[in-house]
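Listed below, chain by chain, are the residues.
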Amino acid sequence: MPAYQGEPGAYTEEAAIAFLGPSIALKPCETLEEVFKGVETDQYQFGVVPVENSLEGSVVRVYDMLLDSRLMVCGETELRISPLPDRQ
């Protein structure tokens, strides 16, 4: 089962579904560290994490974790991140 960082409905879940298909079962994780550790220990088959954000740029923590890990990138997908409308 692949894992992703975020809650159900998060952009990362949307990206995972876009990349892996709508019928895939996914495991939400609270932190990036949880995703990485779960994949490293074979708890999860894949991990889906953001590396770029169209609003804020690079997700530096993910790059740092990739450098410190034996994990490798096996694919990518693009998903436009839009700001939420102002709530009043």
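Everything numeric here is computed off the predicted structure, so don't read it as measured data. (Residues numbered from 1 in each chain as written. Predicted model: local features only at pLDDT ≥ 70, side-chain atom pairs only at ≥ 80, totals over all residues. Heavy atoms only, no water.)

1. Comments concerning the packing of helix 2 (residues 32–40) against helix 3 (residues 60–67)
Two elements in contact, helix 2 and helix 3, have axes separated by 11 Å at closest approach and are oriented at 25°. As far as their axial angle goes, helix 3 and helix 2 are roughly parallel. For the pair helix 2 and helix 3, the sense of crossing is right-handed. Taking contact as the criterion, the partners of Leu-32, Glu-33 and Phe-36 in helix 2 are, on helix 3, Arg-61, Val-62, Met-65 and Leu-66. Its residues assigned to classes, the contact of helix 2 with helix 3 shows 5 nonpolar, no polar and 2 charged. (Axes fitted to C-alpha atoms, helices over the stretch in contact; angles between N-to-C directions. Helix = DSSP H or I, 4+ residues; strand = E, 2+ residues; numbered from the N terminus. Parallel < 35°, antiparallel > 145°, perpendicular 65-115°, else oblique. Left-handed = near helix turned anticlockwise from the far one by under 90°. Contact = heavy atoms within 4.5 Å. Nonpolar A, V, L, I, M, F, W, Y, C, P; charged D, E, K, R; others polar.)

2. Thoughts on unusual backbone geometry
Although it is not a glycine, Asp-42 adopts a positive phi angle of roughly 65°. In this fold, Asp-42 is placed in the loop between helix 2 and strand 3 (47–48).

3. Comments concerning the nonpolar core
Soluble globular proteins: nonpolar side chains tend toward being buried together. With 10 residues, the main nonpolar core is built from Ala-3, Cys-29, Leu-32, Val-35, Phe-36, Val-39, Tyr-44, Val-62, Met-65 and Leu-71. Residue assignment for this core shows that the elements contributing at least two residues are helix 2 and helix 3. Tallying contributions element by element places helix 2 first for this core, with 4 residues. Setting aside residues up to four positions removed in sequence, Cys-29 forms contacts with Ala-3, Tyr-4, Gln-5, Gly-6, Glu-34, Val-35 and Tyr-44. (Core = buried A, V, L, I, M, F, W, Y, C linked by side-chain atoms within 4.5 Å. Buried < 20%, exposed > 50% of the residue type's maximum accessible area, 1.4 Å probe, protein only.)

Fair warning: the whole summary comes from geometry, so function is off the table for now.
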